[in-house]
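Here is what each chain is made of, one letter per residue.
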Amino acid sequence: MSVKALKQMCQDFPGVQHALYAHPSNILVYCVGDKKFAYFKTSDPEMWRFSIRVAPERFLELTDITGIKPARYMGRFHWVTIVDHTVLPAAYLAELVAWSYERALGSLSKASRAALVKA
């Protein structure tokens, strides 16, 4: 799965908004409500890196794979940075991104979730 396809997948989830944080961070952030679920680097040399939140039991499993590491500053909250997206099968990568979205959506209040469904 390409990074472009991953970005499109993030954008296609219901209620998703994105914001581009310019220099010095150069990050494209996807969120639902006010909860972030994916970060994509937009500048060289890290242009192909992206970060997502994963389940605690998958955190150790994933960080043992070459090309995946704990996310800077967010690793303690079970975020991983995927440096090389080709190390994971596309279906598994899509499942991880969907879990990150569902986790962010689930952390919203019931009223916020209901408002997203109506919109």
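Remember, it's a predicted structure, so these values are computed and weren't measured experimentally.

**A closer look at the pattern of salt bridges**
Counted according to the given criterion, the structure contains one salt bridge. A salt bridge links Glu95 to Arg58; the shortest N-O distance between them is 2.4 Å. Of the two residues, Glu95 sits in helix α3 (residues 90–106) while Arg58 sits in helix α2 (residues 56–63), which places them 37 residues apart along the sequence. Looking at Glu95, the relative accessible area reads 39%, which means it is partly exposed.

**Notes on helix α1 (residues 3–12)**
Because each turn of an α-helix spans 3.6 residues, side chains separated by three or four positions end up pointing in the same direction. Looking at α1, one finds that the buried residues are Val3, Leu6, Met9 and Cys10. All buried residues of α1 fall inside an arc of 115° around its axis, so they share one side. Among the exposed residues of α1, those oriented more than 90 degrees off its buried face are Lys4 and Asp12. In the core, the buried residues of α1 are packed alongside β1 (16–21), β2 (27–32), β3 (35–41), β4 (50–53) and α3.

**Looking at the environment of Glu46**
Tracing the chain through its elements places Glu46 in the loop between β3 and β4. Given the relative accessible area of 21%, Glu46 is considered partly exposed. Other than its neighbours up to four places away in sequence, Glu46 contacts Lys41 and Arg72.

**Some points on the packing of aromatic side chains**
This model, assessed by the stated rule, comprises seven aromatic pairs. Geometrically, the ring pair formed by Tyr30 and Phe37 is tilted, given 6.5 Å between the ring centres and 45° between the ring planes. A residue is classified by how much of its surface remains accessible, and Phe37, at 0% relative accessible area, is buried. A network of ring pairs unites the aromatic residues Phe13, Tyr30, Phe37, Phe40, Phe50 and Tyr101 as a single cluster.

**Quick word on the side chain of Lys41**
Looking at where Lys41 falls in the secondary structure, it is placed in strand β3. With residues near it in sequence (within four places) discarded, Lys41 still touches Ser25, Asn26, Ile27, Glu46, Met47 and Arg49.

**Notes on the environment of Ile68**
Relative to the helices and strands, Ile68 resides in strand β5 (residues 68–70). On the basis of relative accessibility, which here comes to 4%, the residue Ile68 falls in the buried class. Considered as a pair, Ile68 and Leu88 are 20 residues apart in the sequence and their alpha carbons are 9.6 Å apart. Ile68 has contacts with Leu62, Thr63, Val80, Thr81, Ile82, Val87 and Leu88, leaving out every residue within four places of it along the chain.

**A short note on the packing of α2 against α3**
Contact geometry of α2 with α3 gives a least axis separation of 13 Å together with a crossing angle of 140°. Here α2 lies oblique to α3, going by the angle between them. α2 and α3 meet at a crossing whose hand is left-handed. Of the residues in α3, those in contact with Arg58, Glu61 and Leu62 of α2 are Tyr92, Glu95 and Leu96.

Cut-off values and rules
Residues numbered from 1 in each chain as written. Predicted model: local features only at pLDDT ≥ 70, side-chain atom pairs only at ≥ 80, totals over all residues. Heavy atoms only, no water. Salt bridge = Lys/Arg side-chain N within 4 Å of Asp/Glu carboxyl O. Helix = DSSP H or I, 4+ residues; strand = E, 2+ residues; numbered from the N terminus. Buried < 20%, exposed > 50% of the residue type's maximum accessible area, 1.4 Å probe, protein only. Arc of directions from axis to C-beta. Contact = heavy atoms within 4.5 Å. Phe/Tyr/Trp six-rings, centres within 6.5 Å; stacked < 30°, edge-to-face > 60°. Axes fitted to C-alpha atoms, helices over the stretch in contact; angles between N-to-C directions. Parallel < 35°, antiparallel > 145°, perpendicular 65-115°, else oblique. Left-handed = near helix turned anticlockwise from the far one by under 90°.

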